[in-house]
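# Residue-level structure breakdown
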Amino acid sequence: MFPHLKSQRVNLQLLQESACRELVQQLDAIEGSKAIVLDEAMIGPLGLVTTPILFTERAISLIALTPEKQFIKDQNIVYIVRPQVALMDQVVAHVKSNSQHGRQFHILFVPRRSCLCINQLEKKEVMGAFGRIEELAWNFFPLDADVVSMEMLNAYRDVSIDGDTTALYQAAIGLVQLQRLYGRIPKIYGKGVQAQLVWDHAKQLAIDEKSLYNGDKGAIDQLILLDRGIDLLTPLATQLTYEGLIDEFYGIRQNQLKLPAEHFPSYRVANSEAAAAAAATGGNICELPEFTLADNVRKTLMLHSGQELYGELRNKNFNEVRMLLARKVKDIQEQMNANRQEQSLPELKIFVNRLPQLMEQKRVTSEHTVIAGLIDEKLSIYAFNDDLAAEQEFMICADIDRPSAYIGDLIARHSELRNVLRLICLQCAAASGFKEHVLNYYKRELAHVYGLEVLLTISNLEKAGLLHAQNESRAYAVLRKTLHLTVDDSVEVNPKDISYVHSFYAPLTARLVEHSLKPLGWQSLKSQINNLPGPTFEDFQVQLIGIGGRHAGGATPSESSLLHARRVVLVMFVGGCTFAEIAALRFLAAQEDNNVQFVIATTKIINKHSFLESVMGS
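Attention in this report is confined to the structure presented alongside it.

What counts as what
- Residues numbered from 1 in each chain as written.
- Predicted model: local features only at pLDDT ≥ 70, side-chain atom pairs only at ≥ 80, totals over all residues.
- Heavy atoms only, no water.
- Helix = DSSP H or I, 4+ residues; strand = E, 2+ residues; numbered from the N terminus.
- Buried < 20%, exposed > 50% of the residue type's maximum accessible area, 1.4 Å probe, protein only.
- Contact = heavy atoms within 4.5 Å.
- Areas by Shrake-Rupley, 256 points an atom, 1.4 Å probe, with all protein chains shown as cover.
- Polar contact = N/O pair within 3.5 Å; in protein donor to acceptor, adjacent residues only side chain to side chain.
- Core = buried A, V, L, I, M, F, W, Y, C linked by side-chain atoms within 4.5 Å.
- Arc of directions from axis to C-beta.
- Pairing = 2+ DSSP bridges.
- Phe/Tyr/Trp six-rings, centres within 6.5 Å; stacked < 30°, edge-to-face > 60°.
- Axes fitted to C-alpha atoms, helices over the stretch in contact; angles between N-to-C directions.

## Remarks on the overall build of the protein chain
If you tally the helices and strands in the protein chain, you get 24 helices and 15 strands. Here the protein chain, with 618 residues, has 52% of them falling under the buried criterion. Sequence separation of 24 or more characterises 80% of the internal contacts of the protein chain that already satisfy a separation of 6 or more. Split by element, the accessible area of the protein chain, about 28,100 Å² in all, is 52% carbon and sulfur.

Structure below.
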């Protein structure tokens, strides 16, 4: 169903198939015609575990849950929603507007049912209308052959600001679920308070599920749990990989990128054909439904490793992407424009057979050339480059103990608040906290220009650890030197170091993973990272208390076949990770000397905008 998820050691198709099977079992248990009403936030994730054909074969219609009244003709209405009390009011209104003619209602909570939600339904006196109240245990959604996500954007905020540890408990359940599928993980290392809580929960859950114990070592050799709170500089920094820039400028949602369709040739052709058809019938183009809002028509592109060109480009620094695309375009043109008159009949036959493939390559290359052009326009803006220069000054700890003249100028010009706060928080992370007079200066200037309401936002940033007073450790300044977080002579094209993902800054989390790969790596790291917030921990699941599971390939590999196999390391980010961090880990996995394969798990893939917006709140 999703061939791009397949992998030799840890086949994430198993996770997708398990989730799809769970949904099918729930739907097949309901007799009669069905309509599925989806919480808006579940529309994208649903596409990660199943395809539309599943619903068309069963004549099931998909409808988005909205506050407006919706009338549905089907006998059964199945709600697939997250366990949020605020959504229950919409469900209640929906049930009441469709309660005629003996309809039956069912609700499937993702990933687990909530007592608060059930109480709300009882309070609104609609519980009697529901036939089935079940849950879909979709803790992790597979995004690619090496990435799974819980799709919880506000996980970091929920825990650090609101004190809601639901995300940590769900992450723990997800780890147990992964071990059911892929076997016991023998070695566990971690850093940070939230990471420690996740592992404590997971370990207890594993102990409680005695039926899982058979002691087999699974496909995953090692787990590294990293709390987002140990590295708050990286998610605030501008990513300079192709995938990272796409996400920051346009947003990648569940492997989908949506862009204005007029940027693409196929849109212009369709638009001109529609105009010609309208003229021929004496009509107007606006009478055609698909072009009613022509300016707002958006083209959806799928972005994952199943797209060969995208798989080649996504982890590269954008400066290298420009060169690769130019080379690709030239190669296709040379193949298309070769002199056919001098070719023999067998050669012409080979060309004709390859023509569809060449045309597809041309189309895909054209799409990515358009995307790269749009990014280029964004990068050429002076403000972007000025912000980037300021970031890099902070990263090398230049003048971080005094108010930044650049930030002061941005505040005076009433620049976008989110960007101003991002740069302030980035400076704070690099300085390991502000001196009291610097912090007070920023607060005073922000309140004066943006109004007193900004103090509520600042309060959230302080709770999240993004703004705080300086401590004695100066952790970042020390680690910048000991772990070489900034590399002056970083190479962006054919790089030799992970620092290429930010042009000269190596994400701290990725550097920690890199050092852990060395002999006695975690042991030597422990003394260096003690200044980072939260505990440093390690654990071992010995054979007698291990969790058993089937291997990714279906058969148990022999000891001899595993002797020279690459070790598999599951790296879990609690609180979110960026595409730049993922690119850095993929770069490490591509180095033969490391002999490692990474599987990356995260609560959500974030960028500097989505992370800060989540913490700032509404």
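And the narrative resumes.
## What about the side chain of Arg184?
Examined against the element boundaries, Arg184 turns out to sit in the loop between α7 (166-182) and β8 (187-191). Engagement of the side chain of Arg184 in a polar contact is seen with the backbone oxygen of Gln541, the distance being 2.6 Å.

## Side note on the nonpolar core
Counting residues in hydrophobic clusters, the biggest one holds 130 residues, and the most contacted among them are Leu23, Trp138, Leu466 and Phe598. When residues of this core are assigned to their parent elements, the largest contribution, nine residues, is made by helix α23 (residues 579-590). Apart from the residues within four sequence positions on either side, Phe598 is in contact with Asp146, Val513, Leu517, Val569, Val571, Leu585, Leu588 and Ala589. Listed in part, the 39 residues of the second largest apolar core include Leu5, Leu12, Val198 and Ile220.

## Brief notes about unusual backbone geometry
Cis geometry marks the peptide bond from Val110 to Pro111; its omega dihedral reads 5°. Phi at Asp399 takes a positive value of approximately 50°, unusual for a residue other than glycine. Residue position: Asp399 is located in the loop between α14 (382-395) and α15 (405-412). By relative accessible area, Asp399 is classed as exposed at 52%.

## Examining helix α19 (residues 475-482)
An α-helical segment advances 3.6 residues per turn. Residues three or four places apart therefore align on the same side. Of all the positions in α19, only Ala475, Tyr476, Leu479 and Arg480 are classed as buried. Relative to the axis of α19, the buried residues are bounded by an arc of 130° and lie together on one face. The inward-facing, buried residues of α19 abut α14, α16 (417-430), α20 (508-516) and α21 (521-528). Looking at the residues trailing α19, positive phi occurs at His484, about 55°.

## Section: the sheet that holds strand β11 (residues 256-260)
An order of β10-β11-β12 is seen for the three strands of this open sheet, with the pairing classed as antiparallel. In this open sheet, the two edge strands, each paired with only one partner strand, are β10 (252-253) and β12 (298-302).

## Looking at the packing of aromatic side chains
With the rule as written, the count across this model stands at 14 aromatic pairs. Both rings, one in Trp138 and one in Phe141, keep their centres 6.1 Å apart while their planes meet at 80°; by these two values the pair is edge-to-face. Each member of the pair, Trp138 as well as Phe141, is classed as buried. Both rings, one in Tyr242 and one in Phe318, keep their centres 6.3 Å apart while their planes meet at 20°; by these two values the pair is stacked. Taken together, the residues Tyr242 in helix α9 (residues 242-250) and Phe318 in helix α12 (residues 318-336) connect sequence positions 76 residues apart. Taking relative accessible area as the criterion, Phe318 reaches 3% and is therefore assigned buried. Here the aromatic residues Tyr79, Phe105 and Phe130 are joined through ring pairs into a cluster of three or more.

## Thoughts on the sheet that holds strand β13 (residues 536-540)
Strand order in the open sheet made by the seven strands is β6-β7-β15-β14-β9-β8-β13, with mixed pairing throughout. This sheet does not close on itself; its edge strands, each paired only once, are β6 (141-144) and β13. Mean inter-strand twist for the sheet, computed between neighbouring axes without regard to direction, equals 20°. Of the pairings in the sheet, the one linking β8 to strand β9 (residues 222-227) comprises five bridges and is parallel in character. Across the sheet, residue Ile188 finds its bridge partner in β9, namely Leu223. The sheet contacts of helix α8 (residues 193-208) involve β8, β9, β13 and β14 (567-574), and relative to β9 the element is tilted by about 135°. Running at roughly 150° to β9, α20 makes contact with β9, β14 and β15 (596-602) of the sheet.

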